[in-house]
Amino acid sequence: MKTKDRQSLREKGLPELEKILGDMQKEIVKTKTDMFRGKIKNLRTVKSARVDVSRIKTWIREKQLKGATAQ
């Protein structure tokens, strides 16, 4: 994920981030099945997708905590 993409994702709201998270998790499953079938040779795509998922989960948790302290 590029820096500009990270900055734009970080500014999004909670529902949007959760939707993107679900899409990325589906993409990881699809990529893994393609990898096991031999269609994908680059194993790094799964790792980079997992790192992106963890980033998004971190941003979601930050927004949840920020919302909880604001109330």
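Please refer to the structure higher up on the page.
Residues numbered from 1 in each chain as written. Predicted model: local features only at pLDDT ≥ 70, side-chain atom pairs only at ≥ 80, totals over all residues. Heavy atoms only, no water.

*Asks:* Teacher, can you tell me more about the nonpolar core here?
*Replies:* Grouped burial of nonpolar side chains is what soluble globular proteins tend to show. In terms of nonpolar packing, the biggest core is built from ten residues, these being Leu 9, Leu 17, Leu 21, Met 24, Ile 28, Ala 49, Val 53, Ile 56, Trp 59 and Ile 60. Of all the secondary structure elements, the ones that give two or more residues to this core are α2 (14-37) and α3 (44-70). Per-element tally for this core: the top contributor is α3, with five residues. Dropping the residues within four chain positions of it, Ile 28 is found in contact with Ala 49, Arg 50 and Val 53. (Core = buried A, V, L, I, M, F, W, Y, C linked by side-chain atoms within 4.5 Å. Buried < 20%, exposed > 50% of the residue type's maximum accessible area, 1.4 Å probe, protein only. Helix = DSSP H or I, 4+ residues; strand = E, 2+ residues; numbered from the N terminus. Contact = heavy atoms within 4.5 Å.)

*Asks:* Looking at this model, I keep getting lost on α2. Mind explaining?
*Replies:* Residues that lie three or four places apart on an α-helix share one face, since the helix turns once every 3.6 residues. Here α2 spans 35 Å end to end across 24 residues, near enough to the 34 Å set by a 1.5 Å rise per residue. Turning to α2, the residues buried within the fold contact α1 (3-10) and α3. (Expected span 1.5 Å × (residues − 1).)

*Asks:* It is not clear to me how the pattern of salt bridges should be interpreted in this structure. Could you clarify?
*Replies:* Pairing is possible between side chains of opposite charge, provided their charged atoms come close. Throughout the structure, instances matching the rule amount to three salt bridges. As a salt-bridge pair, Arg 10 and Glu 62 come within 2.9 Å of each other at their nearest N and O atoms. Of the two residues, Arg 10 is situated in helix α1 and Glu 62 in helix α3; the sequence distance between them amounts to 52 residues. A residue is classified by how much of its surface remains accessible, and Arg 10, at 42% relative accessible area, is partly exposed. The class of Glu 62 is partly exposed, set by a relative accessible area of 37%. Across the pair Asp 52 and Arg 55 runs a salt bridge, and its minimum N-O distance is 3.1 Å. A residue pair is termed a helical-turn pair when its members lie 3 or 4 positions apart in one helix, as Asp 52 and Arg 55 do in helix α3 at three residues. For Asp 52, a relative accessible area of 9% puts it in the buried group. (Salt bridge = Lys/Arg side-chain N within 4 Å of Asp/Glu carboxyl O.)

*Asks:* Any chance you could explain the packing of α1 against α3 here in plain terms?
*Replies:* Helix packing geometry: the angle between the two helix axes and the distance between the axes. At their nearest, the axes of α1 and α3 sit 11 Å apart, and the two run at 30° to each other. What the angle tells us is that α1 and α3 run roughly parallel. Judged by the twist between their axes, the crossing of α1 over α3 is right-handed. Two secondary-structure elements touch here, α1 through Arg 6, Leu 9 and Arg 10 and α3 through Arg 55, Ile 56, Trp 59, Glu 62 and Lys 63. Residues belonging to the contact of α1 with α3 are distributed by class as follows: three nonpolar, no polar and five charged. (Axes fitted to C-alpha atoms, helices over the stretch in contact; angles between N-to-C directions. Parallel < 35°, antiparallel > 145°, perpendicular 65-115°, else oblique. Left-handed = near helix turned anticlockwise from the far one by under 90°. Nonpolar A, V, L, I, M, F, W, Y, C, P; charged D, E, K, R; others polar.)

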